[in-house]
Amino acid sequence: MDQIIIQDMSIYAKHGVYMEENILGQQFLVSVYMDVDLSKAGQTDNLEHTIDYGKVCHFVTKYMQEHTFKLIESAAEHLAEELLMQYRQVKKIRIKVKKPWAPIGLPIKNVCVSVDRIRHTVYLSLGSNLGDRRAYVQKGVEELNALSSCRVCEVSDFIETEPYGSVEQDNFINCVLRLETVLNPQQLLEKLHEIEDRSGRTREIHWGPRTLDLDILFYDHEVVNTPQLTIPHIDMQNRYFVLEPLRKIAPWYRHPLFHQTVQQMYEKLMEEHK
């Protein structure tokens, strides 16, 4: 992958564990490594097809000076997140923050923290069958898009479906969406639970009624198996209310374990229920 590299920007800012560092400030050296496809810019010689690194430098300087963190780890983490969300062409980013005046009482050149972050593509399922179902689902979409670490890129049509499972309850309003995020799977799951909780979601009955249900279907093409989380979603291939809207926005997306596209899984499910 091509890279744009900005090395050792000198920025006077106020970051550090000690109070005097937060008040008086000190010099930091910040480097940015951005993975981006530069082929079109190289062929056309047109700035529109690349990233204006001058603007990136001003963005980084302003961000470092307008925020205060105790740890340069936090400064690097949040800066990486902001740049990934700001510049959609960037696939992967590395941020290095050097602290030449680190107060450790020994002769060193500097202390440096380096973080690598990637933009991830995620597909989520949303559903509600209590209260104003459509409003709950729409609010879920809006709250996801409001997260600084996420961007909603595409939302399917809303559909009404019968409940899945053996619990008698009202019909659901469902949709799926495509999301870009810098969060890892566990961090994203925690954000989803927070949004569900704000909607008044309870978990008293398995597959029971709910104000808002948010499920991770795909996270890039990763396979995750933990006590808290399974990706791809373990039962999505059997769920019409997932595959019907998902095939409208990602029919070509291939399941990393079944090696079938969403459209193929949908057609198989329809054949089984003839």
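(A) View of the overall build of the protein chain. Regarding its fold elements, the protein chain presents eight helices and eleven strands. With the C-alpha coordinates of the protein chain rotated into their principal frame, the extents come out at 75 × 50 × 30 Å. Per-residue burial for the protein chain yields a buried fraction of 45% across its 274 residues. With an accessible surface of roughly 14800 Å², the protein chain has 49% of that area assigned to carbon and sulfur atoms.

(B) Spotlight on the nonpolar core. With 32 residues, the main nonpolar core has Val30, Val32, Val60 and Ile95 as its most contacted residues. For this core, the secondary structure elements donating two or more residues are β1 (3-13), β2 (26-35), α3 (53-66), α4 (72-86), β3 (92-99) and β4 (111-118). Element by element, the count of residues in this core is highest for α4, at eight residues. When neighbours within four sequence positions are excluded, valine 60 is seen to be in contact with Met9, Ile11, Val30, Val32, Leu79 and Leu83. In this structure, Leu147, Val152, Cys175 and Leu179 belong to the second largest nonpolar core, which totals 26 residues.

(C) A look at the state of the cysteines. Counted under the stated rule, the structure contains zero disulfides. Between cysteine 150, a free cysteine, and cysteine 153, which holds the nearest cysteine sulfur, the sulfur-to-sulfur gap is 9.9 Å. The partly exposed category is assigned to cysteine 153, whose relative accessible area is 25%.

(D) Broad picture of the packing of α3 against α4. α4 packs onto α3 with a crossing angle of 140° between their chain directions and a minimal axis gap of 11 Å. Our classification of the angle between α3 and α4 gives oblique. As α3 packs across α4, the resulting crossing turns out to be right-handed. Judged by residue contacts, Val56, Phe59, Val60, Tyr63 and Met64 of α3 engage Ala75, His78, Leu79, Glu82, Leu83 and Gln86 from α4. Class assignment of the residues belonging to the contact of α3 with α4 gives a composition of eight nonpolar, two polar and one charged.

(E) Just the environment of leucine 126, in detail. Tracing the backbone through its elements, the reader meets leucine 126 in strand β5 (residues 120-128). On the basis of relative accessibility, which here comes to 0%, the residue leucine 126 falls in the buried class. Residues leucine 126 and valine 176, spaced 50 residues apart in sequence, show a C-alpha to C-alpha distance of 5.9 Å. Those residues in contact with leucine 126, other than ones at most four positions away along the chain, are Val137, Gly140, Val141, Leu144, Ile173, Asn174, Cys175, Leu177, Asp213 and Leu214.

(F) The arrangement of the pattern of salt bridges in detail. Summed over the entire model, instances satisfying the criterion amount to 13 salt bridges. Note that aspartate 8 is salt-bridged to lysine 98, the shortest N-O span being 3.3 Å. Note that aspartate 8 is positioned in strand β1 and lysine 98 in strand β3, a separation of 90 residues in sequence. When the shortest N-O distance is used, the salt bridge between arginine 178 and glutamate 154 registers 3.6 Å.

(G) Highlighting the sheet that holds β2. If you walk across this open sheet you meet the four strands as β1-β2-β3-β4, and the pairing is antiparallel. The outermost strands of the open sheet, each flanked by one partner alone, are β1 and β4. Within the sheet, the average angular offset between the axes of one strand and its neighbour, ignoring direction, is 15°. Bridge count between β1 and β2: nine bridges; the pairing is antiparallel.

(H) Geometry of the packing of aromatic side chains. Taken as a whole and assessed by the stated rule, the structure comprises five aromatic pairs. Between the aromatic rings of tyrosine 240 and tyrosine 266, the centroid separation amounts to 6.4 Å while the plane-to-plane angle is 35°, which identifies the pairing as tilted. Taken together, the residues tyrosine 240 in helix α7 (residues 240-249) and tyrosine 266 in helix α8 (residues 262-272) connect sequence positions 26 residues apart. Residue tyrosine 240 is classed as partly exposed on the basis of its relative accessible area of 37%. Residue classification places tyrosine 266 among the buried residues on the basis of a relative accessible area of 11%. Ring geometry for tryptophan 252 against tyrosine 253: centres 5.4 Å apart, planes inclined by 50°, an arrangement best described as tilted. Taking the relative accessible area as the measure of exposure, tyrosine 253 reaches 5% and is therefore buried. In this structure an aromatic cluster arises from ring pairing among Tyr123, Phe218, Trp252 and Tyr253. Against the face of tyrosine 266 rests arginine 247, its NZ or CZ located 3.9 Å from the ring centre.

The rules behind each value
Residues numbered from 1 in each chain as written. Predicted model: local features only at pLDDT ≥ 70, side-chain atom pairs only at ≥ 80, totals over all residues. Heavy atoms only, no water. Helix = DSSP H or I, 4+ residues; strand = E, 2+ residues; numbered from the N terminus. Buried < 20%, exposed > 50% of the residue type's maximum accessible area, 1.4 Å probe, protein only. Areas by Shrake-Rupley, 256 points an atom, 1.4 Å probe, with all protein chains shown as cover. Core = buried A, V, L, I, M, F, W, Y, C linked by side-chain atoms within 4.5 Å. Contact = heavy atoms within 4.5 Å. Disulfide = S-S within 2.5 Å. Axes fitted to C-alpha atoms, helices over the stretch in contact; angles between N-to-C directions. Parallel < 35°, antiparallel > 145°, perpendicular 65-115°, else oblique. Left-handed = near helix turned anticlockwise from the far one by under 90°. Nonpolar A, V, L, I, M, F, W, Y, C, P; charged D, E, K, R; others polar. Salt bridge = Lys/Arg side-chain N within 4 Å of Asp/Glu carboxyl O. Pairing = 2+ DSSP bridges. Phe/Tyr/Trp six-rings, centres within 6.5 Å; stacked < 30°, edge-to-face > 60°. Lys NZ or Arg CZ within 6 Å of the ring centre and 35° of its normal.

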